[in-house]
Amino acid sequence: EPEVTQTPSHQVTQMGQEVILRCVPISNHLYFYWYRQILGQKVEFLVSFYNNEISEKSEIFDDQFSVERPDGSNFTLKIRSTKLEDSAMYFCASSGLAGGSYEQYFGPGTRLTVT
Amino acid sequence: GENVGLHLPTLSVQEGDNSIINCAYSNSASDYFIWYKQESGKGPQFIIDIRSNMDKRQGQRVTVLLNKTVKHLSLQIAATQPGDSAVYFCAENMGYSTLTFGKGTMLLVSP
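Below is a summary of the structure that appears in this document. Predicted model only: the values in this text are computed from it and were never measured. (Residues numbered from 1 in each chain as written. Chains lettered and ligands numbered in written order. Predicted model: local features only at pLDDT ≥ 70, side-chain atom pairs only at ≥ 80, totals over all residues. Heavy atoms only, no water.)

**What about the overall build of chain A?**
Moving on, step 1. Across its full length, chain A holds 0 helices and 11 strands.
Moving on, step 2. Listing each helix as α and each strand as β along chain A from the N terminus yields β-β-β-β-β-β-β-β-β-β-β.
Moving on, step 3. The globule rule puts the C-alpha radius of gyration for 115 residues at 13 Å, and the 13 Å found for chain A is close to it.
Moving on, step 4. Across its three principal axes, chain A shows a C-alpha extent of roughly 40 × 30 × 25 Å. (Helix = DSSP H or I, 4+ residues; strand = E, 2+ residues; numbered from the N terminus. Rg over C-alpha atoms; globule rule 2.2 N^0.38 Å.)

So this is what it looks like as C-alpha coordinates:
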(Lines give C-alpha, C1' and ligand atoms only; values in the text may rest on other atoms or scores of the structure.)
Protein backbone atom coordinates (compact mmCIF):
# COMPACT_ATOMS: atom_id res chain seq x y z
CA GLU A 1 0.00 0.00 0.00
CA PRO A 2 1.45 3.42 -0.89
CA GLU A 3 2.44 5.57 2.04
CA VAL A 4 3.79 8.97 2.91
CA THR A 5 7.39 8.89 4.09
CA GLN A 6 9.28 11.46 6.11
CA THR A 7 12.93 12.06 6.92
CA PRO A 8 14.59 12.34 9.30
CA SER A 9 12.59 10.60 12.00
CA HIS A 10 14.27 12.75 14.64
CA GLN A 11 16.09 16.05 14.21
CA VAL A 12 17.92 17.85 16.99
CA THR A 13 18.98 21.41 16.32
CA GLN A 14 20.12 24.46 18.21
CA MET A 15 17.97 27.53 18.57
CA GLY A 16 18.45 29.90 15.66
CA GLN A 17 19.49 27.21 13.22
CA GLU A 18 17.66 26.40 10.02
CA VAL A 19 16.06 23.00 9.55
CA ILE A 20 14.53 21.30 6.56
CA LEU A 21 12.06 18.51 7.08
CA ARG A 22 11.47 16.26 4.13
CA CYS A 23 8.45 14.35 2.93
CA VAL A 24 7.69 12.13 0.01
CA PRO A 25 3.92 12.21 -0.53
CA ILE A 26 2.00 9.42 -2.18
CA SER A 27 2.66 9.55 -5.88
CA ASN A 28 -0.22 10.94 -7.96
CA HIS A 29 -1.57 12.84 -4.96
CA LEU A 30 -2.11 16.50 -5.71
CA TYR A 31 -2.53 18.13 -2.31
CA PHE A 32 0.14 18.31 0.34
CA TYR A 33 0.03 19.41 3.96
CA TRP A 34 2.16 20.02 7.00
CA TYR A 35 0.85 19.67 10.53
CA ARG A 36 2.57 19.80 13.86
CA GLN A 37 1.84 18.26 17.24
CA ILE A 38 3.46 19.70 20.32
CA LEU A 39 3.95 17.07 23.01
CA GLY A 40 0.68 16.40 24.81
CA GLN A 41 -1.34 18.66 22.55
CA LYS A 42 -3.55 18.20 19.53
CA VAL A 43 -2.48 18.09 15.92
CA GLU A 44 -2.43 21.58 14.39
CA PHE A 45 -2.67 22.53 10.74
CA LEU A 46 0.25 24.54 9.35
CA VAL A 47 -0.08 24.77 5.59
CA SER A 48 -1.55 23.19 2.49
CA PHE A 49 0.01 23.19 -0.95
CA TYR A 50 -1.49 22.59 -4.36
CA ASN A 51 -0.36 23.27 -7.88
CA ASN A 52 3.02 24.53 -6.67
CA GLU A 53 1.68 27.15 -4.37
CA ILE A 54 0.34 27.55 -0.87
CA SER A 55 -3.44 27.23 -0.83
CA GLU A 56 -4.04 27.77 2.88
CA LYS A 57 -1.92 28.48 5.93
CA SER A 58 -2.56 28.93 9.60
CA GLU A 59 -1.44 31.67 11.96
CA ILE A 60 1.38 29.39 13.10
CA PHE A 61 2.88 29.43 9.62
CA ASP A 62 4.66 32.76 9.86
CA ASP A 63 7.60 34.16 7.87
CA GLN A 64 9.97 31.72 9.53
CA PHE A 65 8.29 28.84 7.71
CA SER A 66 8.37 27.99 4.05
CA VAL A 67 7.42 25.02 1.92
CA GLU A 68 8.73 23.81 -1.36
CA ARG A 69 8.24 21.05 -3.84
CA PRO A 70 11.71 21.01 -5.37
CA ASP A 71 11.04 18.10 -7.69
CA GLY A 72 8.27 15.72 -8.62
CA SER A 73 8.45 13.69 -5.45
CA ASN A 74 9.66 15.69 -2.44
CA PHE A 75 7.79 18.20 -0.33
CA THR A 76 9.81 20.12 2.24
CA LEU A 77 9.15 22.31 5.25
CA LYS A 78 11.87 24.79 6.16
CA ILE A 79 12.11 26.63 9.44
CA ARG A 80 14.61 29.45 8.99
CA SER A 81 15.54 30.26 12.56
CA THR A 82 14.26 27.71 14.98
CA LYS A 83 12.89 28.63 18.38
CA LEU A 84 12.48 26.45 21.44
CA GLU A 85 8.72 26.45 20.92
CA ASP A 86 9.15 24.89 17.48
CA SER A 87 9.93 21.59 19.21
CA ALA A 88 7.17 19.24 18.11
CA MET A 89 6.28 16.33 15.88
CA TYR A 90 5.83 17.49 12.32
CA PHE A 91 3.56 15.47 10.09
CA CYS A 92 3.34 15.61 6.35
CA ALA A 93 0.14 14.48 4.65
CA SER A 94 -1.10 14.16 1.11
CA SER A 95 -4.47 13.66 -0.50
CA GLY A 96 -6.32 13.68 -3.73
CA LEU A 97 -6.24 11.79 -6.86
CA ALA A 98 -7.25 13.76 -9.89
CA GLY A 99 -10.47 15.50 -9.01
CA GLY A 100 -9.66 15.78 -5.36
CA SER A 101 -10.35 13.81 -2.25
CA TYR A 102 -10.55 14.96 1.32
CA GLU A 103 -8.94 11.87 2.79
CA GLN A 104 -5.50 12.84 3.98
CA TYR A 105 -2.79 10.24 4.42
CA PHE A 106 -0.24 11.06 7.08
CA GLY A 107 3.42 10.21 7.28
CA PRO A 108 5.07 8.87 10.45
CA GLY A 109 6.32 12.29 11.45
CA THR A 110 9.62 13.98 12.22
CA ARG A 111 10.33 14.77 15.82
CA LEU A 112 12.05 18.16 15.98
CA THR A 113 13.89 19.02 19.17
CA VAL A 114 15.24 22.55 19.48
CA THR A 115 17.77 23.06 22.25
CA GLY B 1 3.40 11.28 17.49
CA GLU B 2 3.52 11.34 21.20
CA ASN B 3 0.62 12.10 23.45
CA VAL B 4 0.92 12.44 27.16
CA GLY B 5 -1.77 10.18 28.56
CA LEU B 6 -2.22 12.33 31.65
CA HIS B 7 -3.63 15.11 29.50
CA LEU B 8 -6.02 12.94 27.50
CA PRO B 9 -9.34 11.43 28.48
CA THR B 10 -8.89 7.68 28.61
CA LEU B 11 -11.32 4.90 27.87
CA SER B 12 -10.38 1.48 29.23
CA VAL B 13 -12.23 -1.56 27.93
CA GLN B 14 -11.89 -5.31 27.87
CA GLU B 15 -11.16 -7.16 24.67
CA GLY B 16 -14.42 -8.00 22.95
CA ASP B 17 -16.34 -5.06 24.40
CA ASN B 18 -17.81 -2.37 22.21
CA SER B 19 -16.17 1.04 22.58
CA ILE B 20 -17.70 4.45 22.09
CA ILE B 21 -15.46 7.48 21.75
CA ASN B 22 -17.05 10.91 21.71
CA CYS B 23 -16.05 14.23 20.25
CA ALA B 24 -17.56 17.69 20.31
CA TYR B 25 -16.70 19.79 17.29
CA SER B 26 -16.56 23.52 17.17
CA ASN B 27 -17.93 24.89 13.93
CA SER B 28 -21.50 24.39 12.78
CA ALA B 29 -20.36 25.21 9.24
CA SER B 30 -18.06 22.19 9.07
CA ASP B 31 -19.16 19.81 6.37
CA TYR B 32 -16.78 16.90 6.67
CA PHE B 33 -15.62 14.92 9.67
CA ILE B 34 -12.98 12.27 10.07
CA TRP B 35 -11.83 9.92 12.77
CA TYR B 36 -8.12 9.21 12.98
CA LYS B 37 -6.23 6.64 15.02
CA GLN B 38 -2.74 7.43 16.23
CA GLU B 39 -0.53 4.72 17.62
CA SER B 40 2.54 5.58 19.61
CA GLY B 41 5.34 6.82 17.37
CA LYS B 42 3.19 6.96 14.26
CA GLY B 43 1.22 9.52 12.32
CA PRO B 44 -2.57 9.74 12.34
CA GLN B 45 -4.23 6.95 10.39
CA PHE B 46 -7.59 7.47 8.69
CA ILE B 47 -10.38 5.31 10.08
CA ILE B 48 -13.67 6.59 8.75
CA ASP B 49 -15.25 9.80 7.55
CA ILE B 50 -18.73 11.28 7.28
CA ARG B 51 -20.19 14.24 5.49
CA SER B 52 -22.63 16.64 7.08
CA ASN B 53 -25.55 15.43 4.98
CA MET B 54 -25.37 12.07 6.76
CA ASP B 55 -25.93 11.10 10.38
CA LYS B 56 -24.45 7.62 10.33
CA ARG B 57 -21.82 5.75 8.39
CA GLN B 58 -20.55 2.24 8.90
CA GLY B 59 -17.24 0.69 8.10
CA GLN B 60 -15.59 -2.53 9.08
CA ARG B 61 -16.17 -2.83 12.85
CA VAL B 62 -16.54 0.94 13.10
CA THR B 63 -19.52 3.25 12.97
CA VAL B 64 -19.50 7.02 13.04
CA LEU B 65 -22.53 8.95 14.23
CA LEU B 66 -23.00 12.65 13.62
CA ASN B 67 -25.42 14.83 15.55
CA LYS B 68 -25.33 18.27 14.00
CA THR B 69 -27.87 19.69 16.41
CA VAL B 70 -25.47 19.40 19.31
CA LYS B 71 -22.26 19.33 17.23
CA HIS B 72 -21.35 15.89 18.43
CA LEU B 73 -19.50 13.07 16.73
CA SER B 74 -18.98 9.55 18.02
CA LEU B 75 -16.95 6.56 16.96
CA GLN B 76 -18.19 3.12 17.84
CA ILE B 77 -15.77 0.21 17.63
CA ALA B 78 -17.33 -3.22 17.77
CA ALA B 79 -15.59 -6.16 19.43
CA THR B 80 -12.60 -4.07 20.46
CA GLN B 81 -9.21 -5.76 20.13
CA PRO B 82 -5.86 -5.04 21.81
CA GLY B 83 -4.63 -3.73 18.46
CA ASP B 84 -7.24 -0.99 18.70
CA SER B 85 -5.34 0.57 21.61
CA ALA B 86 -4.32 4.04 20.44
CA VAL B 87 -5.28 7.69 20.65
CA TYR B 88 -8.35 8.55 18.60
CA PHE B 89 -8.88 12.03 17.18
CA CYS B 90 -11.85 13.52 15.48
CA ALA B 91 -11.18 16.20 12.89
CA GLU B 92 -13.45 18.62 11.10
CA ASN B 93 -13.02 20.24 7.75
CA MET B 94 -14.20 23.80 7.54
CA GLY B 95 -12.76 24.78 4.22
CA TYR B 96 -10.88 23.64 1.23
CA SER B 97 -8.11 21.77 2.97
CA THR B 98 -7.80 22.68 6.62
CA LEU B 99 -8.43 19.94 9.13
CA THR B 100 -9.04 21.00 12.72
CA PHE B 101 -8.30 18.24 15.18
CA GLY B 102 -9.81 17.59 18.57
CA LYS B 103 -7.73 16.79 21.64
CA GLY B 104 -8.00 13.05 21.38
CA THR B 105 -9.07 10.13 23.54
CA MET B 106 -6.78 7.33 24.54
CA LEU B 107 -8.33 3.88 24.16
CA LEU B 108 -6.77 1.12 26.25
CA VAL B 109 -7.89 -2.42 25.48
CA SER B 110 -7.06 -5.13 27.98
CA PRO B 111 -6.83 -8.74 26.80
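**Quick look at the nonpolar core**
Among soluble globular proteins, nonpolar side chains are generally buried collectively.
Moving on, step 1. If you look at the biggest cluster of nonpolar residues, it comprises 21 residues, and the most contacted ones within it are Trp34, Leu46, Phe61, Val67, Phe75, Leu77 and Tyr90 of chain A.
Moving on, step 2. Mapped onto this core, the elements with two or more residues apiece are strand S3 (19–24), strand S4 (31–37), strand S5 (44–50), strand S7 (65–68), strand S8 (75–79), strand S9 (88–95) and strand S11 (110–114) of chain A. (Core = buried A, V, L, I, M, F, W, Y, C linked by side-chain atoms within 4.5 Å. Buried < 20%, exposed > 50% of the residue type's maximum accessible area, 1.4 Å probe, protein only.)

**Focus: the interface of chain A and chain B**
Moving on, step 1. Of the residues lining the interface, 23 residues belong to chain A; the matching set on chain B comes to 24 residues.
Moving on, step 2. Here chain A meets chain B over a buried area of about 2100 Å², counting both sides, of which 55% is carbon and sulfur.
Moving on, step 3. Scanning the region where chain A abuts chain B turns up 0 salt bridges.
Moving on, step 4. In this assembly, chain A and chain B are joined by 2 residue pairs in polar contact (both at pLDDT 80 or more).
Moving on, step 5. Only S4, S5, strand S6 (53–57) and S9 of chain A provide two or more residues apiece to the side of chain A that touches chain B.
Moving on, step 6. If you tally residues by element for the side of chain A that touches chain B, the top one is S4 of chain A, at 4 residues.
Moving on, step 7. Grouping the constituent residues of the side of chain A that touches chain B by class yields 12 nonpolar, 7 polar and 4 charged. (Contact = heavy atoms within 4.5 Å. Buried area = accessible area lost by both parts, 1.4 Å probe. Salt bridge = Lys/Arg side-chain N within 4 Å of Asp/Glu carboxyl O. Polar contact = N/O pair within 3.5 Å; in protein donor to acceptor, adjacent residues only side chain to side chain. Nonpolar A, V, L, I, M, F, W, Y, C, P; charged D, E, K, R; others polar.)

**Brief notes about the sheet that holds S3 of chain A**
Residue and element names in this part refer to chain A.
Moving on, step 1. Read from one edge to the other, the open sheet built from 4 strands follows the order S1-S3-S8-S7, with strand pairing classed as antiparallel. With one partner strand each, in any of the chains shown, strand S1 (5–7) and S7 form the two edges of the open sheet. Going across the sheet, the axis of each strand differs from the next one's by a mean of 20°, ignoring polarity.
Moving on, step 2. In the sheet, S7 pairs with S8 via 4 bridges, with the strands oriented antiparallel. Bridge assignment links Ser66 to a residue of S8, and that residue is Lys78. (Pairing = 2+ DSSP bridges. Axes fitted to C-alpha atoms, helices over the stretch in contact; angles between N-to-C directions.)

**A short note on the layout of surface pockets**
Moving on, step 1. Here the largest pocket defines a volume of roughly 470 Å³.
Moving on, step 2. Along the walls of the largest pocket sit 19 residues, with Glu1, Glu3 and Phe106 of chain A together with Pro44 and Gln45 of chain B positioned nearest its centre.
Moving on, step 3. Looking at the lining of the largest pocket, the elements that each hand over two or more residues are strand S10 (105–106) of chain A together with strand S4 (45–51) of chain B.
Moving on, step 4. A per-class count over the lining of the largest pocket returns 8 nonpolar, 5 polar and 6 charged. (1 Å grid on protein atoms, 1.4 Å probe; cavity = no way out; pocket = protein on both sides within 12 Å on 5 of 7 lines; lining within 4 Å. Points joined across faces, edges and corners; volume = space filled by probe spheres on them.)

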